[in-house]
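Working through the structure, step by step
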Amino acid sequence: MIKKLIYSTLFITTMIASCNNAAKKQPNEDNNENTYKEGTFGYDLNFLKQHDSVVVLQAADENSKVIVSPKYQAKVFTSTAEGNEGYSFGWVNYKAFSGQVDAHMNAFGGENRLWLGPEGGKFSLYFEPGAEMVFDNWKTPAPIDTEAWKVTNQSSDAISLQKEMKLTNYKGTEMQLLVDRIIKILDKQQIQTNLGVTVDTSIKVVGYQTSNVLINKGPFEWTDSTGMPCMWILDMFKPTPATVIVVPFKDAGTEPFNKVATTNYFGEIPGNRIKHTNEVLYFKADGKSRGKLGITPGKAKPLAGSYDAQSKVLTITMFDVDPGAKYLNQEWNTTKPSFSGDAVNAYNDGPLADGTQMGPFYEIESVSPAAFLKPNESLSHKHAVYHFTGNEQGLDVIAKKLFGVGLEEIKKAF
């Protein structure tokens, strides 16, 4: 009888402990992507874990997280401000992971990736010497398309990655180079300090900074005769019908707008998709019409962003701009001057002529100056991404402080 009582007591105690442990277990802790809704950070994290040994950076005592991939070219795939069940801000191209290797570009997605430029022009890295600059001949260099990068340092909130490369440009110059990239997630106080804003307690935020360094590892100097690369940071985000890209620029005064912005990278952007004042450019980012624009370095400000009124997401990107430096022209031709490039770009994806489409997604981009470097010299370029989500009153304060315009002005643009 006593033994039965002891066994019964042990059984009951064990059951209570099991129930308590089950209660403590967080939902969706079983690493099955089906336990998270598509569009959440947890869904993307579990999907990417099936293809990659990703690294998750997390701010101390906060729900903000960032996914970094050494395998997929040291890119930030996505981020969240509200933990695994929060909104996933980056665009992940799920179908690309199971498809054939693309001869031109493997668009795995990612809300922050590093490319090298120029894409077009006399010093292009994407066309073989003498090739006509058309899509059939366009190819993204493997080190920034399909090859893995080396992790050189890692902590809970930062990771350092590195890649050695040999690239041949359109002039036939073979360049040896090394790229170092540090990605660090920021806490709320660091974000407020960096942006010079006070974030309302009702607003959720995630922010991270990338520090990118390009080093000439070859035996000769990069000059006008040899050509040279530049660093190119591209942020890919998910569009909605209510998303507007906002690009502040220095007051144009009476200067013609075509001296401030390039709006015909892929044909002239229709007038119902782009609007501007003397200091702010608005670009409709619904993923339904392919177009790209850029701001010249003399007029560019070191920030751009977007507002998605449907999801109530305010995105800010901040980056280095040197108004006195030379920026490489990236257009697909060799007729324009080599150093007539833009410092800031924005892209809205849309169907190609044959009806196919890579996305939909939209991009906000920054570019470094041309890397006129002697052997072992380096060029650095910083680019940070911040996402804010919550009530529009709190978001409006941030938008006015950084863009110089409020949410109502942005929403009324289109």
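Residues numbered from 1 in each chain as written. Predicted model: local features only at pLDDT ≥ 70, side-chain atom pairs only at ≥ 80, totals over all residues. Heavy atoms only, no water.

1. Observations concerning the pattern of salt bridges
This structure, assessed with the given rule, holds ten salt bridges. As a salt-bridge pair, E363 and R113 come within 3.1 Å of each other at their nearest N and O atoms. Taken together, the residues E363 in strand β18 (residues 362–367) and R113 in strand β4 (residues 113–117) connect sequence positions 250 residues apart. Residue E363 shares its accessibility class with R113, and that shared class is buried. A salt bridge links K411 to E392; the nearest nitrogen and oxygen atoms lie 3.1 Å apart. Of the two residues, K411 sits in helix α5 (residues 407–411) while E392 sits in helix α4 (residues 392–403), which places them 19 residues apart along the sequence. Residue classification places K411 among the partly exposed positions, given a relative accessible area of 28%. A relative accessible area of 22% means that E392 is categorised as partly exposed. By sharing partners, the salt bridges in this structure join E392, E408 and K411 into a single network. (Salt bridge = Lys/Arg side-chain N within 4 Å of Asp/Glu carboxyl O. Helix = DSSP H or I, 4+ residues; strand = E, 2+ residues; numbered from the N terminus. Buried < 20%, exposed > 50% of the residue type's maximum accessible area, 1.4 Å probe, protein only.)

2. Overview of the nonpolar core
Here is a general trend for soluble globular proteins: nonpolar side chains tend to be buried in one another's company. Judged by nonpolar contacts, the single largest core of 74 residues is most densely connected at L116 and L281. Broken down by element, the residue count for this core peaks at six residues, all from strand β9 (residues 230–237). Contacts of L281, omitting those with residues within four sequence positions, involve I245, V246, V247, F249, F257, A261, I274, K275, H276, L293 and I295. Counting 27 residues, the second-largest nonpolar core is a separate cluster that includes L314, L395, I398 and F403. (Core = buried A, V, L, I, M, F, W, Y, C linked by side-chain atoms within 4.5 Å. Contact = heavy atoms within 4.5 Å.)

3. Some words on the confidence of the model for the protein
Here the protein averages 92 in pLDDT, while 92% of its residues score no lower than 70. Overall, residues 1–33 carries pLDDT values under 50, and its contacts beyond four positions in sequence, including any with other chains, amount to 13 contacts. (pLDDT = per-residue confidence, 0-100.)

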